[in-house]
Amino acid sequence: LAKTTQPISMDSYEGQEVNITCSHNNIATNDYITWYQQFPSQGPRFIIQGYKTKVTNEVASLFIPADRKSSTLSLPRVSLSDTAVYYCLVRTTETNDYKLSFGAGTTVTVRA
Amino acid sequence: EAGVAQSPRYKIIEKRQSVAFWCNPISGHATLYWYQQILGQGPKLLIQFQNNGVVDDSQLPKDRFSAERLKGVDSTLKIQPAKLEDSAVYLCASSPTGTRGEAFFGQGTRLTVV
């Protein structure tokens, strides 16, 4: 599994855009980039996944450059309720075992 | 659609006692995961099932932890005997076959070993 590196923490204010960059230098051809969000006292929740270029949904956008060695999760106009831990994962589709391995994540704190 | 159900939500036991956690995944989901999450850390995979077969249990402390998945549906995770360092949240997740990224998590069981 490709190892991922992301910042330990980020602070922001309500209404700002938050960008979290994840490095995955040894990502393989068949790997997908997946992001999860975890609130205190809850299990992680899937928010977005992509392979290349840009993916957008109602929660976030995911930007992946051509070399795919990094990716950036963008949270537009954050609110206090976006305070959470965000995990970047690289998932392989080379085998059918769908391993799901988490790192330490990025703690995002949104202030009023 | 019902989510992943786990019970109990909280459990306090003394060290050397045994404990069991139960998980009911989303109906039809072939893959089931058990994670241990220690405070301040990311979830650590303990065991992964595909239907009722084990895909990965490389990080499961097999001298004290055991897990089974009955008929490819519900699953139980047992710790016997418990140690102080087993205090953590135990998370169960499931995903359908063919999913590249999306797994659904339960709320977890918070275990405190005293």
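Refer to the structure presented above.
Now for a description of the structure that goes with this document. (Residues numbered from 1 in each chain as written. Chains lettered and ligands numbered in written order. Predicted model: local features only at pLDDT ≥ 70, side-chain atom pairs only at ≥ 80, totals over all residues. Heavy atoms only, no water.)

**Here we look at the sheet that holds strand β5 (residues 53-56) of chain A**
Residue and element names in this part refer to chain A. Using the following cut-off: In this description, strands pair whenever DSSP reports at least two bridges between them. Strands are runs of DSSP state E lasting at least two residues, helices are runs of H or I lasting at least four, and both sets are numbered from the N terminus onward. To get an axis, a line is fitted to the C-alpha atoms, and for a helix only the part in contact is used. The angle between two axes follows their N-to-C directions and goes from 0 to 180 degrees.
Strands sit in the order β2-β7-β6-β5 across an open sheet of four strands; the sheet is antiparallel. Each edge of the sheet is formed by a strand with only one pairing partner; in this case those strands are β2 (18-23) and β5. Averaged over all pairs of adjacent strands, the angle between strand axes in this sheet comes to 15 degrees, irrespective of strand direction. Two elements, β5 and strand β6 (residues 61-64), share four bridges in a ladder whose sense is antiparallel. Paired with threonine 53 across the strands is isoleucine 64, a residue of β6.

**Things to note about the sheet that holds strand β1 (residues 5-7) of chain B**
Residues and elements named next belong to chain B. Across the sheet, four strands lie side by side as β1-β3-β8-β7; this open sheet has antiparallel pairing. Taken across any chain shown, the strands that pair with only one partner, and hence form the sheet edges, are β1 and β7 (65-69). Averaged over all pairs of adjacent strands, the angle between their axes in this sheet comes to 15 degrees, without regard to strand direction. Pairing between β1 and strand β3 (residues 19-24): three bridges, direction antiparallel. Looking at the pairing, serine 7 lines up with tryptophan 22 of β3.

**Details of the pattern of salt bridges**
Residues and elements named next belong to chain A. Applied cut-off: Salt bridges are defined as contacts in which a side-chain nitrogen from Lys or Arg sits within 4 Å of a carboxyl oxygen from Asp or Glu. For every residue, the accessible area (1.4 Å probe, protein chains only) is compared with the maximum for its type, and the residue is labelled buried under 20%, exposed over 50%, or partly exposed between those bounds.
With the rule as written, the count across this model stands at three salt bridges over all chains. Between arginine 111 and aspartate 11 there is a salt bridge whose closest N-O contact spans 3.2 Å. Taken together, the positions of arginine 111 in strand β9 (residues 106-111) and aspartate 11 in strand β1 (residues 9-13) put the pair 100 residues apart, joining distant regions of the chain. Overall, the relative accessible area of 39% leaves arginine 111 in the partly exposed class.

That is the geometry; function is a separate question.
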